[in-house]
Every structure is written in C-alpha cells, then in structure tokens.
Amino acid sequence: MLEVLLCSLITILPDYLYRRFAQGKRLGREINFFSVWYELRYGITACFILTISLITVVFFYHPSSTAVAVQFRTIPILPDASGRVEEVYVTFSDEVQAGDPLFRLDTARQEAAVETQRRVIAETEAAMTVAAADVAAADGNVSQARAALQNAQDQLQTRQQLAASGSNAVAQREIETLEQNAAAAQGAVAAAEAARTAAQERLNTLLPAQKATAEAALEQAQIEIEKSTIRAGVSGRVEQFSLRPGDYVSPILRSAGLLIPSEAGRQSVQAGFGQIAAPVIEVGMIGEIACSTTPWRVIPVTVAEKQDYIASGQFAGGERLVDVGAVARDGTVTVYFEPLYAGGFADIVPGSQCIANLYSNHHDEIEDPNTSTTKAIALHAVDALGLVHALLMRMQVAMMPFRTLVFSGGH
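Quick caveat: nothing in here was measured; it's all calculated off a predicted structure.

Quick question: what am I supposed to make of the sheet that holds strand 3 (residues 83-88) here?
Whether parallel or antiparallel, the strands of a sheet pair through hydrogen bonds between backbone atoms. What the four strands build is an open sheet, ordered 6-5-3-8; its pairing is antiparallel. Every other strand in the sheet has two partners, leaving strand 6 (229-231) and strand 8 (248-249) as the edge strands with one partner each. Summarising the sheet, strand 3 and strand 8 pair through two bridges and their orientation is antiparallel. Following the sheet pairing, Arg84 is matched in strand 8 by Tyr248.

Would you mind going over the state of the cysteines with me for this structure?
Working definition of a disulfide: a covalent bond connecting the sulfur atoms of two cysteines. Within the structure shown, the criterion is met by one disulfide. Between the sulfur of Cys291 and that of Cys354 lies a disulfide, 2.0 Å long from S to S. An S-S torsion of about 95 degrees defines the bridge between Cys291 and Cys354 as right-handed. Of this pair, Cys291 sits in strand 11 (residues 286-291) while Cys354 sits in strand 14 (residues 353-359), and the two are 63 residues apart along the sequence. An identical accessibility class is assigned to Cys291 and Cys354; each is buried.

Quick question: what am I supposed to make of the packing of helix 2 (residues 12-22) against helix 4 (residues 41-61) here?
Relative orientation and spacing of two packed helices are given, respectively, by the angle between their axes and the distance between those axes. The contact between helix 2 and helix 4 brings their axes to 8 Å, and the two run at 175 degrees. The angle between helix 2 and helix 4 places the two elements in the roughly antiparallel class. Between helix 2 and helix 4, the residues in contact are Ile12, Asp15 and Arg19 and Arg41, Tyr42, Gly43, Ile44 and Cys47, respectively. For the contact of helix 2 with helix 4, a count of residues per class yields four nonpolar, one polar and three charged.

Any chance you could explain a nonpolar patch on the surface here in plain terms?
Taken together, the side chains of Leu6, Leu9, Ile10, Leu13, Leu17, Phe21 and Leu50 define a hydrophobic patch exposed on the protein surface, amounting to about 660 Å² of accessible area. Elements with a contribution of two residues or more to the nonpolar patch: helix 1 (2-9) and helix 2. Top element by residues in the nonpolar patch is helix 2. It accounts for three residues. Position of Leu13 relative to the elements: it lies in helix 2.

Reading the values: rules and limits
Residues numbered from 1 in each chain as written. Predicted model: local features only at pLDDT ≥ 70, side-chain atom pairs only at ≥ 80, totals over all residues. Heavy atoms only, no water. Pairing = 2+ DSSP bridges. Helix = DSSP H or I, 4+ residues; strand = E, 2+ residues; numbered from the N terminus. Disulfide = S-S within 2.5 Å. Buried < 20%, exposed > 50% of the residue type's maximum accessible area, 1.4 Å probe, protein only. Axes fitted to C-alpha atoms, helices over the stretch in contact; angles between N-to-C directions. Parallel < 35°, antiparallel > 145°, perpendicular 65-115°, else oblique. Contact = heavy atoms within 4.5 Å. Nonpolar A, V, L, I, M, F, W, Y, C, P; charged D, E, K, R; others polar. Patch = residues over 30% accessible without salt bridge, like charges linked within 9 Å, V, L, I, M, F, W, Y side chains within 5 Å. Areas by Shrake-Rupley, 256 points an atom, 1.4 Å probe, with all protein chains shown as cover. Salt bridge = Lys/Arg side-chain N within 4 Å of Asp/Glu carboxyl O.

If you want it as structure tokens, here you go:
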C-alpha cells in the first residue's frame, strides 16, 4: 500500500494536476467514477508499472522474512551409567552454575569395588615383603651352593695332585666320585642363582605390575564414584526436572531433565529467506529485526553467517529412490544474525518469533572509478529504496501489538 501511495505521487497526481489546471477538468464533474480511467489512464498505467517495479526492486535488493526464530539448544541431563537415585540437590527450575551437583546415584557397587582393590593392593604389598625375604633366602642358597662347589673343587684338586705324584693313597674311583660331586655342586649353584633371579624378578617386576594394575582399578572405581554425582556442565536453568530419591535413570531409557544454558538464544537469531534472495544476501549485510516479545522495538543486526546449502534438499539414504518432485515446499536460505550493538538481544525471550529486513549497500561499488555514472545513480536509487522497506517494517511493528491482542484474540 505504501508503494502505491508513493508511486501515485509522481504519476497519478501530476496527471490529475495537468487535467485540472491545463484542461480545466474538475473532479466530480468531468473526472468522475465512470471517466476516471479514461482521463487519468496515463497516470494510472504509469503508477501500476512503477509500483510493480518498485516492489520488485525493494523486495529483491532488500529482502524480508517472517520465518525468523530465536532458536536455542537444550542439554539433556543424563548420567554416564544407569542407576538408582540416592540424593537430589536441585529442584524444578533452579538456577545452577557450571560444576554444581544436580543429583547422586547409589554407589554401593562402586564402593565395594574400591574396597576390593584396596585389599588387593595391601595383599600385593605383603607379597612384596615376602618376596624380599625370598630374595634374601635365595642369596643365602647361592652362597651355600658356591661354598659347596668350592669345597668339592678343592677336594678334587687335592686328589688329582696326589694321583699325579704317583701316590697309591688315591684310587681312580675316588677321583671320579669327586668329579661328579663337583659337577653336582656346579649345577646346584646354577639352580640357586636361577631361583634368586626368579625371586628378584618377582619382587622387582611382577609384584609392582600387579600393584600398579590394582591401583589403576582403584582409581577407576573412585572415578566411577565421582561420576555417580551428576554435575551441571554449563551455567543455566534446570527445567522438567522432577527426580526423587529411588527413581531409576538411564542414559538410554530415561533422562533426568533438561538444562537450558544461560546464553541460550542470546548469541544469534536464525532467519530463512526466499531462495531468490540468495545472490543478494552477504555476510556483513545490515538488517533489522522485530520480535513479539519486544513490542515497538526494532533491533539492528548484521549477517554473521549464511548457509551455503538449503536444508530442504537433504535426503536420507534408503531403499527407495528419491523423487525430486515430491518435495512439498521450497526451502529457504538460512541466515544467522548477530546484534549490531552489544547486548542487542538481551531482552529477547529465547524461542521468540520475529520478522526481519535486510538492506543492500553498494557503497564500494558506487565509489569504484570503473563504475559508470548511470550505474552509480541506479545503485544509489536501489540503496535509497531501503527506506521504503524500513518504513513498512516500522508500520508492522507499530501494528504488531494491536494485531496480536485485538485481531488475533490475544494469542
């Protein structure tokens, strides 16, 4: 309607003034309901063409959207493992800070595991004490075996020297027996040294490894006890939380509630624009939004991100071929807004429905020396037409409370 009024001021009005003062035709006499088309045909035709052109230019270079939402993500409150609730620390709709405990599960099984591993560690330490005594005993056995070997070797050497001097006091059979005794003593030394090595390895390697394994299992059991206390990952508000001691929660079957982060919906606003606006929308573009939760207020924004794909084009692989013609509706180009000024979204309630306008800016192209004068004037006119869209938005904002409260039954 505003476009028609503006265009009529430079088309129909001059035509009427010419008919009135140049041709002397008066409104209500020569120009009446039956002759208005014939008398003002040039102005009406020009107004129609100019209005269509103006609307096309405005909505193409300054796109608008009513599909604007302050979306936010909730965090489900889930334990790492299933269990029965032992204690609850918060209630419905409580404010929590990151790290605050929410509830605690029963830890009888984990506490038993902790006690078991502590006993295993104590048992291993006792075994290490015994192993140290075994090493000392093995050292004594090695010393004893070496002394027996030395004694057998000395006797054998003495008998061999006597036999070599031609003495008849030593029999050949005695020398052979002493040689066998020396060999047996040598084997006993090797066996004692092997036993000492085994005892030393058990003390230095096997038992420390068993103790380390038990300590790791103890640490794991203690972590399981700590994980049984579910804490808030971020600061926010707990909603739909109605746990009571004795309830059963599971990360698969049932969550405990929802945690809504404090910054949810405060960082960006999402909008969907028609696909024809895709070549016009650019990151850094200036725009405005107005939401139902902030009546009579227009918030300046800037385009922070533009998705380079359209969500309606996605498909999930399956056993049936995808029929492109089965797409029921055209998808939109998703754009993410950020406030132009800090704190611009502070008063918007997350989840609000809004409207949005974007305004083109061809300043750099106009200032380019390679841009012709005609094109620069046309781009100036295109940018200036953003004022029309801004006026339309402010009319919508002014009427939004009345349209919602009066004409929509207060919804």
